[in-house]
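Spelled out from the first residue to the last, the chains are:
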Amino acid sequence: MHMNSKSRAMNMTQGNILRQLTIFAIPLLIGGIFQLVYNLTDTIILGKFVSATALACIGAASSAYSMVLMLGQGMTNAISIIISQASGAGDAEKVRRATAHALYVGLITGGVLGVLSFFLSRPLLQLLGTPPDILDDAVLYLQITCGLTVGPIFYNASAAILRAIGDSQTPLFFLIFCTFLNIGLDLWFVLGLQAGVAGVAWATILSQFVSAGMCMAYMIKKYPQLRFSRRETAFDPHLFGSFMRVGLPLSLQSSLLSIGMLAITSVINGYGSDIVAAFTVGSKVEQLAVVAISQFAFSYSVFAGQNFGARQYARIREGVQKALLLVLGLTVVSMVVILLFGDTIALLFLDAGEASILPAATAMIRIEAWFYPALGMIWLYNSALRGIGKVGITFVSSMVELFSKVGLSILLSFLFGWYGIWFAAPVGWILGLIPSVLYFHFGKWEEAESPKVEQAA
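Residues numbered from 1 in each chain as written. Predicted model: local features only at pLDDT ≥ 70, side-chain atom pairs only at ≥ 80, totals over all residues. Heavy atoms only, no water.

Colleague: Is there a simple way to think about the overall build of the protein chain in this case?
Modeller: Secondary structure assignment for the protein chain yields 19 helices and zero strands. When burial is assessed residue by residue, the protein chain has 58% of its 457 residues classed as buried. A separation of at least 24 residues holds for 83% of the contacts in the protein chain among residues at least 6 apart in sequence. About 17,700 Å² of surface is accessible on the protein chain, with carbon and sulfur atoms providing 68% of the total. (Helix = DSSP H or I, 4+ residues; strand = E, 2+ residues; numbered from the N terminus. Buried < 20%, exposed > 50% of the residue type's maximum accessible area, 1.4 Å probe, protein only. Contact = heavy atoms within 4.5 Å. Areas by Shrake-Rupley, 256 points an atom, 1.4 Å probe, with all protein chains shown as cover.)

So, in structure tokens, the structure goes:
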């Protein structure tokens, strides 16, 4: 498998493609499950032990929360792209310098997003028409989790560096630790201290800070190739600029998609807190259903990045064909499970006395399940394009998806009420997939003499 015997790093530029993709993706899949447990713990504890109103607070804040996380994730994805290409090209010095500069990127990104989140949470939620009975707690949740977003950004940055050199196992271990720590803190804050929504927010952010610190310390200790010298920490405007040139478009497209979800949330808010709660439950069940699909698809960006750095272009195309079979197979399994047991899974998030929310949540879950193949495909193709540094076309894809979702959520809600909103996202997936597929198969991206992000550095 071309793995260093003293580390978990994997060279993906040679060897059996399907086996490499599977071995690399399995820890990501397990990690995705634990990430879901991590995220769902807040929802389950609030829904079961507090109230549907508390659950709706998380739902009302979820789109804004996702927008902040996606802005940060765009920059950490840039870290993965640049380091995976440098690793594939065998440029050890650039890997070390990029690792040092990844810390600068994380600190600046986390600081800026934190300040903006703290002061803009209330105006944003008011603009979205958040119901008055859940506004204050939703604002508090955002101010804590997004105001201190530097914690999750540093964890994601360290995980991105490790995955870029082919190690998907170490981030998993720290994610598992973070998940159990979060569960323990959730129970302590909510059941022990009766802290409600604020309690789950503090549990979330504290567990992320602890895990970020431990993961970064372990990363530097375990991998000599990531230990940068004082000279390599000297600020390099060209290298930092390459992070910005890749990361800012990724952050922008992610944030614009999140803005689209904010617009949809605004439409949903107009139907009251029960439909907001149904949307929250439906979103959580969807996350659970597609976790395997997403992790297999997202893992391809590292494979594509390493092979693009090594100029193994035919291997990238062959890899997409094989990864597509895996992704589509997983979508079929998820569709069957959700169509048969979606309502049962939804009940995990609701108290028995609040089952009136179930029909709207189940409708959302089952409508979207029919479109999982399109969702898996758009994730895979855009991961491949990000890995080779072609973030411009993924931006186009995101814009098509964004405008489709927003326009359809307004139009279909006008025609069919809240039921029509559930069709907006699936149709957006299909339309957003079109430019990415066309560019990957018919574009001339492999004709570049060297990766664009390499030249920028």
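Now that the structure has been shown, the text picks up again.
Colleague: Looking at this model, I keep getting lost on the layout of surface pockets. Mind explaining?
Modeller: There is about 400 Å³ of room inside the largest pocket. Forming the walls of the largest pocket are 23 residues, and the residues nearest its centre are Val68, Leu71, Val112, Leu113 and Leu116. Elements supplying a minimum of two residues to the lining of the largest pocket: helix 2 (52-88), helix 3 (92-127) and helix 9 (237-269). (1 Å grid on protein atoms, 1.4 Å probe; cavity = no way out; pocket = protein on both sides within 12 Å on 5 of 7 lines; lining within 4 Å. Points joined across faces, edges and corners; volume = space filled by probe spheres on them.)

Colleague: Which parts of the structure should I look at to understand helix 10 (residues 273-289)?
Modeller: Residues spaced three or four apart along an α-helix point in a common direction, a consequence of the helix completing one turn every 3.6 residues. Along its 17 residues, helix 10 runs 24 Å from first to last C-alpha, staying within 8% of the 24 Å computed at 1.5 Å per residue. With 13 of 17 residues buried, helix 10 lies mostly within the body of the structure. (Expected span 1.5 Å × (residues − 1).)

Colleague: What is the right way to look at the packing of aromatic side chains in this model?
Modeller: For any pair of aromatic rings, the description consists of the separation of the ring centres together with the inter-plane angle of the planes. Under the criterion given, the structure shown has eight aromatic pairs. Summarising the aromatic geometry, the rings of tyrosine 381 and phenylalanine 440 are spaced 5.7 Å apart at their centres and angled 75° between planes, so their arrangement reads as edge-to-face. Of this pair, tyrosine 381 sits in helix 15 (residues 372-387) while phenylalanine 440 sits in helix 18 (residues 424-442), placing them 59 residues apart in sequence. Comparing tyrosine 381 with phenylalanine 440 shows no difference in burial state: the two are buried. (Phe/Tyr/Trp six-rings, centres within 6.5 Å; stacked < 30°, edge-to-face > 60°.)

Colleague: Help me out: how do you make sense of the side chain of serine 121 in this one?
Modeller: Along the chain, serine 121 turns up in helix 3. For serine 121, the side chain forms a polar contact with the main-chain oxygen of serine 117, separated by 2.4 Å. Beyond its immediate chain neighbours, meaning those up to four positions away, serine 121 contacts Val139, Leu142 and Gln143. (Polar contact = N/O pair within 3.5 Å; in protein donor to acceptor, adjacent residues only side chain to side chain.)

Colleague: I keep staring at the pattern of salt bridges and nothing clicks. Help me out?
Modeller: Pairing between side chains of opposite charge can happen when their charged atoms approach one another. Scanning the entire structure with this criterion turns up two salt bridges. Here lysine 322 and glutamate 318 are joined by a salt bridge, their closest N and O atoms 3.0 Å apart. Of this pair, lysine 322 and glutamate 318 are both found in helix 13 (residues 313-346), four residues apart, which corresponds to roughly one turn of the helix. Judged by relative accessible area, lysine 322 falls into the partly exposed class, the value being 29%. Residue glutamate 318 is classed as partly exposed on the basis of its relative accessible area, which comes to 35%. (Salt bridge = Lys/Arg side-chain N within 4 Å of Asp/Glu carboxyl O.)

Colleague: Looking at this model, I keep getting lost on the packing of helix 5 (residues 150-164) against helix 6 (residues 170-192). Mind explaining?
Modeller: Helix packing for two helices is described by the angle between their axes and how far apart those axes are. The interhelical angle for the contact between helix 5 and helix 6, taken along N-to-C directions, is 150°, at an axis separation of 9 Å. The orientation of helix 5 with respect to helix 6, classified from their angle, is roughly antiparallel. For the pair formed by helix 5 and helix 6, the contact residues are Tyr155, Ala159, Leu162 and Arg163 on the first element and Thr170, Pro171, Phe174 and Leu175 on the second. Along the lines of polarity and charge, the residues of the contact of helix 5 with helix 6 split into six nonpolar, one polar and one charged. (Axes fitted to C-alpha atoms, helices over the stretch in contact; angles between N-to-C directions. Parallel < 35°, antiparallel > 145°, perpendicular 65-115°, else oblique. Nonpolar A, V, L, I, M, F, W, Y, C, P; charged D, E, K, R; others polar.)

Colleague: Would you mind showing me how to read the side chain of serine 404 here?
Modeller: Note that serine 404 resides in helix 16 (residues 391-416). Apart from residues lying up to four places away in sequence, serine 404 is in contact with Gly428 and Leu431.

Colleague: How should I be thinking about the environment of valine 197 in this particular structure?
Modeller: Within the secondary structure, valine 197 is located in helix 7 (residues 196-222). Classification of valine 197 as buried rests on a relative accessible area of 5%. Considered as a pair, valine 197 and alanine 138 are 59 residues apart in the sequence and their alpha carbons are 7.9 Å apart.

Colleague: What is the right way to look at the environment of glutamine 35 in this model?
Modeller: Note on placement: glutamine 35 falls in helix 1 (residues 17-49). In this structure glutamine 35 comes out as partly exposed when scored by relative accessible area, which is 28%. Taking the C-alpha atoms as reference points, glutamine 35 and threonine 179, 144 residues apart in sequence, are found 7.0 Å from one another.

Colleague: Can you help me understand helix 13 in this one?
Modeller: Between its terminal C-alpha atoms helix 13 stretches only 43 Å, short of the 50 Å expected from 34 residues at 1.5 Å a residue. Roughly 65° is the biggest bend found in helix 13, and it falls at leucine 340. (Bend = angle between axes of the 7 residues up to and from the residue.)

Colleague: Honestly, the nonpolar core in this entry has me stumped. Any pointers?
Modeller: Nonpolar side chains in soluble globular proteins tend to be buried together. With 92 residues, the main nonpolar core has Tyr141, Ile268, Tyr300, Ile316, Ile338, Trp422 and Phe440 as its most contacted residues. In terms of residue count, helix 13 provides more of this core than any other element does, 10 residues in total. The contacts of isoleucine 268, once residues within four sequence positions are left out, are Ile275, Val276, Phe279, Ile421 and Trp422. Ranked by size, the runner-up nonpolar core spans 34 residues in total, among them Ala78, Ile79, Met216 and Leu226. (Core = buried A, V, L, I, M, F, W, Y, C linked by side-chain atoms within 4.5 Å.)

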